[in-house]
Amino acid sequence: MQSIWHDTASLPVFPIQQTDMKTDVLIVGGGLTGLLCAYFLKNAGIDCLVAESNTICAHTSGNTTAKITVQHGCCYQKILTDYGKTAALQYLNANRSALAAYRQLCAAMDCDFEEKDAVIYAYHEDEKQTLAAEARAYKILGISAQHSACETLPFHTLDALAMPRQAQFHPLKFVKEITKDLPIVEHTRIKRFEKTTAVTEHGKIFANRVIIASHFPFINTHGLYFMKQYQYRSYVLALEHAQEVGGMYISTAPDGLSLRNWGDTLILGGRGHKTGKKSGGFSELWAFAASHYPGCRIRESWATQDCITPDGIPYIGRYARTLPNFYVATGFNKWGMTSAMAAAQILTDRLIGRENPNAAVFSPLGRKFKAQILLNGLTAAGNLLCPLPRRCSHLGCALRYNKTEHSWDCPCHGSRFDKTGQILDGPANRPL
């Protein structure tokens with residue numbers, strides 16, 4: 001399986017670490033977040049280095065549906081309820097700033113950047129109340145939106161909110177542009193840290209400050225990120241000979257459908273589940289495509305994985321109070337394109353000593369305790385006691401075999417391994 005983005009763009013190849021290295025800021029992870037951090041820091045005159053364990057954008061950043069929008073599901077009603085209007089406006093403005101940055105950068109690039117309406121729709125009757133609450137949140141926050149009939153979708157919707165002038169692009173064409181002349185080493189997995197010095201498979205990387213942008217943080221002794229989020233797996237089809245939908249659509253339901261076009265190809269995603277749990281996976285998307293787009297052809301199919309936080313807000317900022325000079329960006333809740341840019345802006349400002357007015361809402365420190373954190377802990381405890389023989393190299397949870405993708409998946413923290421035990425997804429950083 002390969003995403004349509006990997007199929008239609010070639011990324012530059014970067015060297016493997018050959019000897020000990022030294023930098024001011026070490027960025028762990030060569031996904032879009034880490035690469036944007038490096039791009040902005042380098043432009044600010046800060047010495048930095050990206051260390052990627054595989055190749056850049058090999059995982060989530062290369063398997064996205066690539067929507068750039070401040071409409072992140074029905075998030076604003078939840079933030080207003082949990083943290084109030086000031087926090088909701090910070091979240092909104094950070095993502096508006098991210099969208100504006102993409103608009104500016106992409107204007108000089110060939111990366112298929114297009115302005116599109118972002119639309120969230122209600123399919124079932126019980127989803128209408130959720131959508132109505134989000135519409136009220138929009139009014140409180142001054143968000144411009146209008147109700148939509150979703151006439152281009154192949155199924156009936158009960159209501160929808162359309163947010164104008166959002167965007168979509170080809171993520172890997174964008175990455176190809178921003179990585180020109182960036183300091184990057186690939187196939188360089190970090191095994192552990194000795195203060196701010198990274199011990200890798202090939203030597204050491206001496207740094208003064210560290211950004212952990214490795215999708216799911218792997219440092220377990222600080223921050224407790226393995227308790228504060230979980231991973232969610234989703235499926236995507238690229239369809240030919242399917243109806244043009246015009247905008248970018250997403251369901252109010254967590255396992256609902258996402259639709260957008262790239263040229264004459266329809267990107268259909270959804271039917272997700274918590275990593276390590278059973279689901280219909282691709283079969284449900286195939287059935288939907290056959291039913292609603294008869295005569296379509298599946299050009300590509302792939303899966304992706306996202307980190308989900310209990311309150312729906314990413315963790316961006318200080319890694320932990322007990323870990324000086326470490327910073328983190330994780331938990332993007334399926335909205336990685338906009339969140340990656342917001343994280344890069346916030347962390348760059350932090351590292352060059354500039355105040356960012358929207359940073360407070362994303363701080364990992366002092367967030368409210370949620371029942372989901374307790375549930376994550378109980379899930380992990382149950383899997384630790386499970387007598388299944390294959391154990392995750394991260395924290396020892398029992399692995400489940402994923403028949404759809406022929407992998408061993410961890411239901412505790414979302415690590416995945418191929419049939420030979422090699423790592424497909426972290427936070428595990430050792431093979432089985």
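A brief structural summary. For every chain, the first residue of its written sequence is number 1, and the numbers climb from 1 along that sequence. Only residues with pLDDT of 70 or above have their local features reported here, since the model is predicted, and side-chain atom pairs are shown and tallied only from 80 upward, although totals for entire chains, interfaces and linings are computed over all residues. Side-chain numbers come from the whole structure's heavy atoms, not from hydrogens or water.

## Thoughts on unusual backbone geometry
Logical step 1: A cis amide bond links G426 to the next residue, P427, at an omega of 25°.
Logical step 2: One can find P427 in the segment after β21 (423-425).
Logical step 3: Positive phi outside glycine occurs at K195, with the angle close to 55°.
Logical step 4: Secondary structure elements follow DSSP: runs of H or I no shorter than four residues count as helices, runs of E no shorter than two count as strands, and numbering proceeds from the N terminus. Relative to the helices and strands, K195 is located in the loop between β8 (190-194) and β9 (197-200).
Logical step 5: Only protein chains enter the calculation, and the probe is 1.4 Å; a residue is then buried if its accessible area is under 20% of its type maximum, exposed if over 50%, and partly exposed in between. With a relative accessible area of 76%, K195 lands in the exposed category.
Logical step 6: Although it is not a glycine, K334 adopts a positive phi angle of roughly 75°.
Logical step 7: Looking at where K334 falls in the secondary structure, it is placed in the loop between β17 (326-330) and α9 (336-352).

## Points about the environment of E194
Logical step 1: Tracing the backbone through its elements, the reader meets E194 in strand β8.
Logical step 2: Note on E194: relative accessible area 33%, which makes it partly exposed.
Logical step 3: The spacing of E194 and R96 is 98 residues in sequence and 38 Å in space, taken between C-alpha atoms.
Logical step 4: Apart from the residues within four sequence positions on either side, E194 is in contact with V199 and K204. Residue contacts are defined here by distance: any two heavy atoms, one from each residue, within 4.5 Å place the two residues in contact.

## Here we look at the packing of helix α3 (residues 75-83) against helix α5 (residues 125-141)
Logical step 1: Running from N to C, α3 and α5 point in directions that differ by 70°, and their axes come no closer than 7 Å. The orientation of α3 relative to α5 falls into the category roughly perpendicular. Considering the relative orientation of α3 and α5, their crossing is left-handed. Here C75, Y76, Q77 and L80 of α3 come into contact with α5, specifically with T130, A133, E134, A137, Y138, I140 and L141. Helix axes are fitted to C-alpha atoms over the stretch in contact, other axes to C-alpha atoms as well, and angles between N-to-C directions run from 0 to 180 degrees. Small angles under 35 degrees read as roughly parallel and large ones over 145 as roughly antiparallel, with 65 to 115 read as roughly perpendicular and the rest as oblique. Note: crossing handedness is left-handed where the near helix turns anticlockwise from the far helix by less than a right angle, and right-handed where it turns clockwise.

## What about the nonpolar core?
Logical step 1: Put simply, buried Ala, Val, Leu, Ile, Met, Phe, Trp, Tyr and Cys residues joined by side-chain atoms within 4.5 Å make one nonpolar core. Within the largest apolar cluster, 82 residues are counted, with the highest numbers of intra-cluster contacts made by I27, Y76, Y102, F174 and I211.
Logical step 2: When residues in this core are grouped by element, the largest group, 11 residues, is from helix α4 (residues 85-106).
Logical step 3: Discounting residues that sit within four places of it in the chain, Y76 has contacts with V70, A88, Y91, L92, E134, A137, Y138, L141 and I143.
Logical step 4: By size, the runner-up hydrophobic cluster in this structure holds 23 residues, among which are L239, L259, L266 and A303.

## Details of the sheet that holds strand β20 (residues 416-417)
Logical step 1: One requirement defines pairing of two strands: DSSP has to find at least two bridges between them. Pairing is antiparallel in the open sheet, where 4 strands are placed in the order β18-β19-β20-β21. A single partner strand is all that each edge strand has here, and the edge strands are β18 (400-402) and β21.
Logical step 2: Note: strand β19 (residues 407-409) against β20, 2 bridges, orientation antiparallel. Note that in β20 the partner of D409 across the bridge is R416.

## Remarks on the layout of surface pockets
Logical step 1: Empty space within the second largest pocket amounts to approximately 410 Å³.
Logical step 2: In terms of lining residues, the second largest pocket is bounded by 19 residues, among which A58, H59, N63, R233 and A303 are the most central.
Logical step 3: For the lining of the second largest pocket, the secondary-structure elements that each account for two or more residues are β15 (297-308) and β21.
Logical step 4: The element best represented in the lining of the second largest pocket is β15, accounting for 4 residues.
Logical step 5: Within the lining of the second largest pocket, the residues separate by chemical class into 6 nonpolar, 9 polar and 4 charged. For each structure, a 1 Å grid was placed over the protein atoms alone; sets of points admitting a 1.4 Å probe that cannot get out are labelled cavities, open sets with protein on both sides within 12 Å along at least five of seven lines are labelled pockets, and lining residues have an atom within 4 Å of a point. Grid points are joined across faces, edges and corners, and a volume is the space filled by probe spheres set on the points. The residue classification treats Ala, Val, Leu, Ile, Met, Phe, Trp, Tyr, Cys and Pro as nonpolar and Asp, Glu, Lys and Arg as charged. All others, Gly included, are polar.

## Comments concerning the environment of D349
Logical step 1: Along the chain, the position of D349 falls in helix α9.
Logical step 2: Judged by its relative accessible area of 9%, D349 falls in the buried class.
Logical step 3: Along the backbone, D349 and F40 are 309 residues apart, and their C-alpha atoms lie at a distance of 9.4 Å.
Logical step 4: Polar contacts, as counted here, are pairs of nitrogen or oxygen atoms within 3.5 Å of one another; within protein the pair requires one atom able to donate a hydrogen and one able to accept it, and residues that are adjacent in sequence qualify only if both atoms are side-chain atoms. One polar contact links D349 to R354, side chain to side chain, over a distance of 2.6 Å.

## Remarks on the state of the cysteines
Logical step 1: Sulfur atoms of two cysteines make up a disulfide when they are within 2.5 Å. Under the criterion given, the structure shown has 1 disulfide.
Logical step 2: Here C397 connects covalently by a disulfide to C412, the sulfurs 2.2 Å from one another. Its torsion about the S-S bond being -100°, the disulfide of C397 and C412 is classed as left-handed. Of the two residues, C397 is situated in the loop between α10 (371-385) and β18 and C412 in the loop between β19 and β20; the sequence distance between them amounts to 15 residues. A single burial state applies to C397 and to C412, both of which are buried.
Logical step 3: C48 takes part in no disulfide bond, and the closest cysteine sulfur, belonging to C37, lies 9.0 Å away.
Logical step 4: Sulfur of C57: no disulfide; nearest cysteine sulfur belongs to C37 and is 13 Å away.

## Description of empty space enclosed by the protein
Logical step 1: Tallied over the full model, the rule gives 1 cavity of 30 Å³ or more.
Logical step 2: Counted as a void, the largest cavity has a volume near 30 Å³.
Logical step 3: Mapped by element, the contributors of at least two residues to the lining of the largest cavity are β4 (114-122) and β12 (248-251).
Logical step 4: With 3 residues, β12 is the largest single contributor of residues to the lining of the largest cavity.

## As for α3
Logical step 1: Of the positions making up α3, those classed as buried are C75, Y76, I79, L80 and D82.
Logical step 2: Tucked inside the fold, the buried residues of α3 contact α4 and α5.

## Focus on the pattern of salt bridges
Logical step 1: The term salt bridge refers to a pairing of a side-chain nitrogen on Lys or Arg with a carboxyl oxygen on Asp or Glu at a separation within 4 Å. As enumerated under the stated definition, the model contains 17 salt bridges in all.
Logical step 2: The salt bridge partner of E115 is R103, with a shortest N-O separation of 2.8 Å. With E115 in strand β4 and R103 in helix α4, the pair connects residues that are 12 residues apart, well separated along the chain.
Logical step 3: By relative accessible area, R103 is classed as partly exposed at 25%.
Logical step 4: As a salt-bridge pair, R233 and D425 come within 3.9 Å of each other at their nearest N and O atoms. Of the two residues, R233 is situated in strand β11 (residues 230-240) and D425 in strand β21; the sequence distance between them amounts to 192 residues. By the burial criterion, R233 is buried, and D425 matches it.
Logical step 5: One salt-bridge network, in which partners are shared between bridges, spans R233, E405, D409, R416 and D425.

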